[in-house]
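Okay, here's what each chain looks like letter by letter:
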Amino acid sequence: MSEQDNLREIERAEYIEREIKKTGVNLTREQADQLVSYYDMIVERNRVMNLTRIVDFEDAVAKHFVDSLTLCRVIDPKSVKSVLDIGTGAGFPGVPLAVAYPHLNVTMLDSVGKKIAFVNEVIDALHISGEMKSDGETGGRNGSVRAVQGRAEDLARGEYRENFDLCVSRAVANLSVLAEYVLPFVKKNGCFAAYKAHDCDEELEGARKGIRILGGEIEKIDKFSIGDAGRCLILIRKIHTTPARYPRKAGVPSKQPL
Ligand code: SAM
């Protein structure tokens, strides 16, 4: 790396640290460096596959990294251990959460194999899998990180059912459809945090019945802005076990929302 590249790397890491600090999360330099590397991997891979429309550095920091870490507005990530990110795409919000909170066991799920292959490359490159190497090192983590391919409706019928303290999802489906994808994975008394846009009132009203049927209860609705983007986090607590007939077969939730 040339001296100039090295300086640019330091400036980018400092920028990330500063922006993320505004959400109340303090990153170490090593964590900020990991996010710089992650950004570079996304930009590189985006040349050959469609991962994101947001490639400008400052835009990506705001709309991907800061946005992912706003989770702490509605729940303290330190209060949970296992997290599932459903429809993770290029790894949002799962990768920033895994980097910022090394104690977490993070599982990221997507139906598209190429996206999961990319997220697995990121996990390897950032050394965040949490697996112990031959020298006994785990990269400072005591949580594990993995990416799994499959449709939410199928995986919710197996070992992952009611197995996570917290499930998160961003930009995957309308809330009533999303609730059927996500709530079956949440442990009783655990939570689901949906990352939504500011104007989600109608969507929320349309989802209330489904959320109740699936065992959930809306606990918090937090509207805020990141720059000029209006955002909303909806925190749903699972107060009852999800009835065994949900989720319905793959494809049904999106065609016939509850
Ligand atoms: N969460 C990421 C983000 O915010 O950048 C990706 C959002 S992308 C618009 C939606 C992702 O959800 C896609 O990668 C898609 O493959 C995945 N997805 C949609 N329906 C799914 C399902 N039923 N099960 C698993 N993944 C799904």
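Residues numbered from 1 in each chain as written. Predicted model: local features only at pLDDT ≥ 70, side-chain atom pairs only at ≥ 80, totals over all residues. Heavy atoms only, no water.

Novice: Go over the sheet that holds strand 5 (residues 186-197) with me, naming the residues and quoting the values.
Specialist: Spatial strand order, 3-2-1-4-5-7-6: seven strands in an open sheet with mixed pairing. Since the sheet does not close on itself, it has two edges, and those belong to strand 3 (145-149) and strand 6 (216-226), each with one partner. Taking each pair of neighbouring strands and ignoring which way they run, the sheet shows an average axis angle of 20°. Note that strand 5 and strand 7 (residues 229-238) share seven bridges and pair antiparallel. From the neighbouring strand, A194 faces strand 7, where its bridge partner is I234. Where helix 5 (residues 113-125) meets the sheet, its contacts fall on strand 2 (105-110) and strand 3, and the angle it forms with strand 3 comes to roughly 165°. Taken strand by strand, helix 8 (residues 201-213) contacts strand 5, strand 6 and strand 7, and its axis lies near 160° from that of strand 6. (Pairing = 2+ DSSP bridges. Helix = DSSP H or I, 4+ residues; strand = E, 2+ residues; numbered from the N terminus. Axes fitted to C-alpha atoms, helices over the stretch in contact; angles between N-to-C directions. Contact = heavy atoms within 4.5 Å.)

Novice: How would you explain the site of the ligand if you had to name every residue and give the values?
Specialist: Near the ligand, the surroundings consist of 17 residues, among which G87, F92, D110, E153 and R170 are the closest. Surface burial for the ligand is 79%, taken as the share of its 600 Å² of free accessible area covered by protein chains. Among the secondary structure elements, those contributing two or more residues to the shell around the ligand are strand 2 and helix 6 (152-155). When the residues that make up the shell around the ligand are grouped by side-chain class, the tally is seven nonpolar, five polar and five charged. (Near = heavy atom within 4 Å. Areas by Shrake-Rupley, 256 points an atom, 1.4 Å probe, with all protein chains shown as cover. Nonpolar A, V, L, I, M, F, W, Y, C, P; charged D, E, K, R; others polar.)

Novice: With reference to specific residues and values, describe the packing of helix 2 (residues 29-46) against helix 3 (residues 57-69).
Specialist: Relative to each other, helix 2 and helix 3 sit at 110°, their axes nearing to 11 Å. With respect to helix 3, the axis of helix 2 lies roughly perpendicular. Between helix 2 and helix 3, the residues in contact are L35, Y38 and Y39 and F57, A60 and F65, respectively. Its residues placed into classes, the contact of helix 2 with helix 3 shows six nonpolar, no polar and no charged. (Parallel < 35°, antiparallel > 145°, perpendicular 65-115°, else oblique.)

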